[in-house]
Amino acid sequence: IHRFLDDAAEAGVAGLLLTDLPVGEDAELEATIHDSSLALIRLVAPTTSAERIAKTVVGAEGFIYLISRLGVTGTETTVGTALTETVQRLRSATTLPIAVGFGIASGEQAAKVASVADGVVVGSALVERLGKGLDAARELMNELSESLRGACRVED
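Treat the numbers as computed from the prediction; the structure is a model and nothing was measured. (Residues numbered from 1 in each chain as written. Predicted model: local features only at pLDDT ≥ 70, side-chain atom pairs only at ≥ 80, totals over all residues. Heavy atoms only, no water.)

A. Layout of the overall build of the chain. From N to C terminus, the chain includes seven helices and five strands. The order of helices and strands in the chain, counted from the N terminus, is α-β-α-β-α-β-α-β-α-β-α-α. The burial tally for the chain puts 36% of its 156 residues in the buried class. In the chain, 55% of the contacts between residues at least 6 apart in sequence involve partners at least 24 apart. (Helix = DSSP H or I, 4+ residues; strand = E, 2+ residues; numbered from the N terminus. Buried < 20%, exposed > 50% of the residue type's maximum accessible area, 1.4 Å probe, protein only. Contact = heavy atoms within 4.5 Å.)

This is the structure in structure tokens:
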């Protein structure tokens, strides 16, 4: 793990998102990551209880990755209506930025998410477009960029 963390930092990696590491499952690994220069990014699901959120945000670094919906990753056509409430619950437990991902595939969806969150994560849709070529991926990135320019939240 030390070699991995050192190599990752040297390569310019800023943080780790360990999707299959529930909080507290491996305290030694978590401590090793905290002692490195990489941020330990935590995931929160929409069904996570307030008690579990409180445990999850302790020691979290960088940002919190909020899963936008239940199910498997991939593109979907709508952003859940309960997202705003979930973001608010999470904001009451942490001052870290909240990035929302999972199923976001269009500029319209990204803009809706950006209206309530600090960041938007697009993965599967980009990978899908990359499978069609760089021009298709650029098209998606341009769509996302244009949609987000007007939707970004500004705070005092």
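Moving on, there is more to tell.
B. Main features of the nonpolar core. Ranked by internal contacts, the top residues of the largest apolar core, which has 20 residues, are Ile64, Leu66, Leu83, Val87, Leu90 and Val100. Listed by contribution, the elements that provide at least two residues to this core are helix 3 (50–57), strand 3 (64–67), helix 4 (83–91), strand 4 (98–101), helix 5 (107–114) and helix 7 (134–149). The biggest single contributor to this core is helix 4, with three residues. When near neighbours in sequence (up to four residues on either side) are disregarded, Val87 contacts Leu66, Ile98, Val100 and Val116. One finds Leu5, Leu16, Ile33 and Leu40 within the second-largest nonpolar core, a separate group that totals six residues. (Core = buried A, V, L, I, M, F, W, Y, C linked by side-chain atoms within 4.5 Å.)

C. Representation of the environment of Asp6 within the structure. Of note, Asp6 is situated in helix 1 (residues 2–10). A relative accessible area of 53% means that Asp6 is categorised as exposed. Residues Asp6 and Ser36, 30 residues apart in the sequence, show an inter-C-alpha distance of 7.8 Å.

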